[in-house]
Amino acid sequence: MTAIVEVSGLTKIYGSGAAQVTALDAVDLSVAEGEFVTVMGPSGCGKSTLLNLLGGLDTPTAGEISIDGHALAELPDDQLTELRRRRIGFVFQFFNLIPVLNATENASLPLRLDGVKDADARAGLWLERVGLADRMLNRPDQLSGGQQQRVAIARALSTEPALVLADEPTGNLDSKSAAEIGELLRQVSTKWGRSVLMVTHDLRIASFAQRLVLMRDGRIIDDLALDGSREAPRTALERSGLL
């Protein structure tokens with residue numbers, strides 16, 4: 001199966017001398033096409049640094065990153081920006097919707113920035129797929145938190161990316177809405193064939209993924225398949241001494 005993410009020896013060091021911090025320490029990781037992988041570990045273990053590097057938002061100290069067949073280090077700035085805009089979708093804890101725009105306008109924003117003529121139609125299709133066919137003209141303040149996150153997911157998918165990076169996507173939601181977003185992200189991989197890499201602290205949401213990567217002190221300490229059971233992530237964290 002095609003690998004959408006290929007990471008080798010990925011290292012990120014901040015600061016120097018006595019203040020030097022190794023946020024990532026020689027990480028190797030691969031994510032296949034259409035695979036849903038969740039990353040867990042204690043605060044400060046390198047999860048967010050990993051996402052930032054994969055999204056091209058930061059540059060590594062050492063190591064190689066390939067996204068959808070493109071080595072990020074070899075891309076000039078304009079091509080990296082284009083790859084990030086067209087092949088990577090971002091979903092954050094805070095929905096980052098523009099308050100004065102309705103759901104369709106928010107979801108179509110990346111397409112509009114890219115000069116796509118049928119931006120609203122394409123965004124509308126994704127809003128329908130994520131269950132918001134009756135909310136397309138609502139502004140963010142007229143939507144629940146879960147609905148706002150669905151708009152954000154539709155926005156991430158509107159460019160037809162190969163990879164969706166989700167950073168604590170349920171961190172601002174109640175448990176029912178969080179479970180719905182977990183199920184929706186599972187559909188993004190199984191139904192729509194996108195690779196999803198999600199960072200979360202929520203054991204229940206982690207259970208929606210196919211695979212669990214555990215991190216500690218900037219390193220991957222375990223990488224295992226999940227069986228869909230609610231207990232599997234907790235068992236894995238306990239076995240690794242993270243819980």
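Heads up: the structure comes first, above all this text.
Residue indices follow the written sequence of each chain, beginning from 1 at its first position. In keeping with the predicted nature of the model, local features appear solely for residues at pLDDT of at least 70, side-chain atom pairs appear and are counted solely at 80 or more, and the whole-chain, interface and lining totals rest on all residues. Think of the side-chain values as coming from all heavy atoms in the structure, minus any hydrogens and water.

Novice: I keep staring at the side chain of Arg211 and nothing clicks. Help me out?
Specialist: Strands are runs of DSSP state E lasting at least two residues, helices are runs of H or I lasting at least four, and both sets are numbered from the N terminus onward. Mapping Arg211 onto the fold places it in strand S9 (residues 211–216). Relative accessible area serves as the criterion here: at 13%, Arg211 is assigned to the buried category. Any N or O atom pair separated by 3.5 Å or less is treated as a polar contact, with the protein-specific requirement of one donor-capable and one acceptor-capable atom, and with residues adjacent in sequence counted only for side-chain atom pairs. There is a polar contact of 3.0 Å between the side chain of Arg211 and the side chain of Glu35. Here Asp223 takes part through its side chain, which lies 2.8 Å from a polar atom of the side chain of Arg211. With sequence-adjacent residues up to four places away left out, Arg211 is seen in contact with Leu29, Ser30, Val31, Glu35, Phe36, Val37, Thr38, Asp223, Leu224, Ala225 and Leu226. Relative accessible area decides the class of each residue, using a 1.4 Å probe on protein chains only: under 20% of the type maximum gives buried, over 50% gives exposed, and in between gives partly exposed. Only heavy atoms enter the contact rule, under which two residues are in contact if any of them lie within 4.5 Å.

Novice: Would you explain the sheet that holds S9 in this entry?
Specialist: Note on sheets: strands pair through backbone hydrogen bonds, and any given pair is parallel or antiparallel. Read across the sheet, 6 strands follow the order S6-S7-S8-S3-S9-S10 without closing on themselves; strand pairing throughout is mixed. Strands at the two margins of the open sheet, each flanked by one partner only, are strand S6 (88–91) and strand S10 (219–225). When the angles between neighbouring strand axes are averaged without regard to direction, this sheet yields 20°. At least two DSSP bridges between two strands are required for those strands to pair. Only the contacting stretch of a helix is used when fitting its axis, a line to C-alpha atoms as for every element, and angles between N-to-C directions run 0 to 180 degrees.

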